[in-house]
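# An overview of the molecular structure
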Amino acid sequence: MHERHGTADRGGAVWVLVITSVAGFMAALDNLVVTTALPSIRESLGGGLEDLEWTVNAYTLTFAVLLMLGAALGDRYGRRRLFMAGLAVFTAASAAAALSPGIEELIAFRAVQGVGAAIMMPLTLTLIGHAVPPERRGAALGVFGAVTGVAVAGGPLIGGALTEHISWEWIFWLNVPVGLVLLPLARLRLTESYAPKAPLDIRGTVLVSAGLFGIVYALVNTASHGWTSPAVLTGLIVGTALLGLFVRHGLRAENPMLPMRLFRGRAFLGINAASLLMFLGMFGSIFLLSQFLQNGLGHSPTEAGLRMLPWTGMPILVAPLAGYLSDRFGGRPVVVTGLALQAVGLALFALIIDPGVSYLAQLPALIIGGVGMAMYFAPAASLVLSSVRPAEQGIASGANNALREVGGALGVSVLAAVFAARGGYGSPRLFVDGTVPALWIGAGAVALGALVALLIPGRRSAGRRRAGRPTPEPAAPGPVEPEQGKPGQESRPVAV
């Protein structure tokens, strides 16, 4: 009987991993799936450079600023219930985006997509952490990280293939049947769990949302208005001030959405700062490189995506191995190595990029960058969950996802602003002139992330700190209601 119970538990954990990984794939894919479709979208719906940036950033911004609220809603009202609600919103918004009659409507529905993803995505990690025992959690999160990494990096290929061979609308229609399949599976295969006292921080959500919007709005408009224009300066100053108030709120409020005290821990500070810098450099670079392959080298959307396969395909091969290495040797050396390799890959691109560059010359940068990306993705989620107490893992996973998305939005905005200041779309040479300095900034950001990741304590130092103290086993994210409420009874998920 005991063996059969264990098999059932393993089967349930597999279902949780499959459902959350597919949902995470969809949410991560939509970060950059539009990049290779941007020329077709512009041709079909119109719009300028700023509109193209907002087509990407409308999703990443709402995704980023609502992630921690989504995690808190799931803890309070049921993680399965909110996961399904977010999945339903995401699926419906995808269909609406596909039907958009103009660029403004597309941007609006992309923002709604981000709302659904923000509710759904942070709960994927807490659902995995709740279902998978601690000794197998590293491998499970490695698989989840690999799937997410493939989605982020494979967005240009999938978007390019659908755009060229069907139409750009299908980059959004793709989500609809997947969502319709996942919804009943989630209802049947996921068990409900709660942290009923989870606080909702509306004030913090408003402060961080408005602050990030102000900064990204300013960065997106630098090309058309200039850095010293009133609109840009106002956005930067007001946005920065609001983010400062958000930090102050996180230090003083009783139950803030992001307790700033978490950043006192070197592990939490290191992995989150490294994640923000990684996504800043990577997202901005992919935004430009996927367009360079079309505008600079004259490739079709599918050809551009195929030529990025050595980069986008590496997570499939490397991330499971990276997850194993993380379990064996600790996450810090794997993450630091991955970030360093990603920085080297972007720097090599900056050195060789030219209107006449051969594909053979691009291969070393593509391969090194892909290996680095995979080595970062696999252990990052596990490092986040292990950097805080079990009851804070829901907040931690939401914060990490939010900071990564903030990094992505800032990356697209900052690197596009540099691109617009130094080059443009007028000719392949002009495109290269703008892309090279932007890539150097992206490589520098990721390299700085590698240095910051050294703050994460290694296994030996962590062991020395715990010496002489009992160390509890990592638990699933957040408390759950005890069954029947019997005194002393172990807490278990409540099936609903």
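Preceding block: the structure.
A few points on the structure. Numbering of residues starts from 1 in each chain and follows the order in which that chain's sequence is written. With the structure being a predicted model, the display of local features is reserved for residues of pLDDT at least 70 and the display and counting of side-chain atom pairs for 80 or more, all residues being used for whole-chain, interface and lining totals. With hydrogens and water excluded, all non-hydrogen atoms of the structure serve as input to the side-chain values.

## Some words on the packing of helix α12 (residues 266–296) against helix α17 (residues 359–386)
For the record, the criterion: Between the N-to-C directions of two axes lies an angle of 0 to 180 degrees, each axis being a line fitted to C-alpha atoms and, for a helix, fitted only over the stretch in contact. To qualify as a helix, a DSSP run of H or I must reach at least 4 residues; to qualify as a strand, a run of E must reach at least 2; elements of each kind are numbered from the N terminus. Two helices that cross are described as forming a left-handed crossing if the nearer one is turned anticlockwise from the farther one by less than a right angle, and a right-handed crossing if clockwise. Only heavy atoms enter the contact rule, under which two residues are in contact if any of them lie within 4.5 Å. In the scheme used here, Gly and all other residues not listed as nonpolar or charged are polar, with Ala, Val, Leu, Ile, Met, Phe, Trp, Tyr, Cys and Pro taken as nonpolar and Asp, Glu, Lys and Arg as charged.
Contact pair α12 / α17: the axes reach a minimum separation of 12 Å and the direction vectors enclose 145°. Where α12 crosses over α17, the handedness of that crossing is left-handed. Across from Ile271, Ser275, Met278, Phe279, Met282 and Leu293 in α12, the residues of α17 making contact are Gln362, Met373, Tyr376, Phe377, Ala380, Leu383 and Val384. Considering only residue class, the contact of α12 with α17 consists of 11 nonpolar, two polar and no charged.

## Here we look at empty space enclosed by the protein
Quick reminder of the rule: Only protein atoms enter the 1 Å grid used here, on which a cavity is any set of points holding a 1.4 Å probe that cannot leave and a pocket is any open set flanked by protein within 12 Å on both sides along at least five of seven lines; residues with an atom within 4 Å of a point are listed as lining. Grid points are joined across faces, edges and corners, and a volume is the space filled by probe spheres set on the points.
One pass over the structure, following the stated rule, counts three cavities of 30 Å³ or more. When its volume is computed, the largest cavity comes out at roughly 100 Å³. As for the largest cavity, its lining consists of Met121, Thr124, Leu125, Phe144, Gly145, Thr148, Phe377, Ala381, Asn400, Asn401 and Arg404. Counting residues per element, the ones that place at least two in the lining of the largest cavity are α5 (103–131), α6 (134–165), α17 and α18 (393–422). A class-by-class count of the residues in the lining of the largest cavity yields five nonpolar, five polar and one charged. As for the second largest cavity, its lining consists of 10 residues, and the residues nearest its centre are Ala28, Asn31, Met121, Arg404 and Glu405.

## So, helix α11 (residues 230–252)
Applicable threshold: Helices are assigned an expected span. That span is 1.5 Å times one less than the residue count. Buried means the residue's accessible area, taken with a 1.4 Å probe over protein chains only, is under 20% of the maximum for its type, while exposed means over 50%, and partly exposed covers the values in between.
Helix length check: α11 (23 residues) gives 32 Å between terminal C-alpha atoms against 33 Å at 1.5 Å per residue, within 8%. Where α11 is concerned, the buried positions are Val232, Gly235, Gly239, Phe246, His249 and Gly250. On its buried face, α11 sits against α9 (202–220) and α10 (222–225).

## Quick look at the side chain of glutamine 113
How we decide: Polar contact criterion, stated in full: a pair of N or O atoms within 3.5 Å, where within protein one must be able to donate a hydrogen and the other to accept it, and residues adjacent in sequence count only if both atoms are side-chain atoms.
Mapped onto the fold, glutamine 113 is located in helix α5. Exposure remark for glutamine 113: the relative accessible area of 0% places this residue in the buried category. A distance of 2.8 Å separates the side chain of glutamine 113 from the side chain of aspartate 30, its partner in a polar contact. Those residues within four positions of glutamine 113 in sequence are excluded, and the remaining contacts are Asp30, Tyr59, Phe90, Ala93, Ser94, Phe172 and Asn175.

## What to know about a nonpolar patch on the surface
The condition that has to hold: Here, patches come from residues exposed beyond 30% relative accessible area and free of salt bridges, joined within 9 Å for like charges and within 5 Å for nonpolar side chains (Val, Leu, Ile, Met, Phe, Trp, Tyr). Under the convention used here, a 1.4 Å probe and the Shrake-Rupley method define accessible areas, while residue burial counts only the protein chains that appear. Throughout this description, the term salt bridge denotes a Lys or Arg side-chain nitrogen within 4 Å of a carboxyl oxygen of Asp or Glu.
A contiguous nonpolar patch, built from Val14, Trp15, Val18 and Val22 and spanning about 300 Å² of accessible area, is present on the exposed surface. Mapped onto the elements, valine 14 comes out in helix α1 (residues 2–32).

## Quick look at the packing of helix α15 (residues 314–329) against helix α16 (residues 331–352)
As a reminder of what qualifies: Here roughly perpendicular refers to angles of 65 to 115 degrees, roughly parallel to angles under 35, roughly antiparallel to angles over 145, and oblique to all remaining angles.
Axis separation between α15 and α16 bottoms out at 7 Å; the angle between their running directions is 140°. With respect to α16, the element α15 is oriented oblique. Across from Ala322, Leu325, Ser326 and Phe329 in α15, the residues of α16 making contact are Gly331, Pro333 and Val334. Within the contact of α15 with α16, the residues separate by chemical class into five nonpolar, two polar and no charged.

## Examining α12
One full turn of an α-helix is made of 3.6 residues, so residues set three or four places apart face in the same direction. Spanning 31 residues, α12 covers 43 Å between terminal C-alpha atoms, matching the ideal 45 Å at 1.5 Å per step. Judged by how many residues are buried, α12 sits mostly within the fold: 26 of 31 residues are covered. In the stretch just after α12, glycine 298 is the one whose phi turns positive, near 80°.

## Focus on the pattern of salt bridges
As enumerated under the stated definition, the model contains four salt bridges in all. Put simply, aspartate 354 and arginine 429 hold a salt bridge, and the shortest N to O gap is 2.9 Å. In this pair, aspartate 354 sits in the loop between α16 and α17 while arginine 429 sits in helix α19 (residues 428–453), placing the two residues 75 residues apart along the sequence. Connected via shared salt-bridge partners are Asp354, Arg429 and Asp433.

## Things to note about the nonpolar core
Under the convention used in this document: Residues belong to one nonpolar core when they are buried, are Ala, Val, Leu, Ile, Met, Phe, Trp, Tyr or Cys, and are joined through side-chain atoms within 4.5 Å.
Counting 135 residues, the largest nonpolar core has Phe83 and Leu339 as its most contacted members. By residue number, the principal contributor to this core is α12, which donates 16 residues. Those residues within four positions of leucine 339 in sequence are excluded, and the remaining contacts are Ala274, Met278, Gly372, Tyr376, Val446, Gly449, Ala450 and Ala453. Ala146, Ala322, Val334 and Ala374 belong to the second largest nonpolar core, which has nine residues in total.

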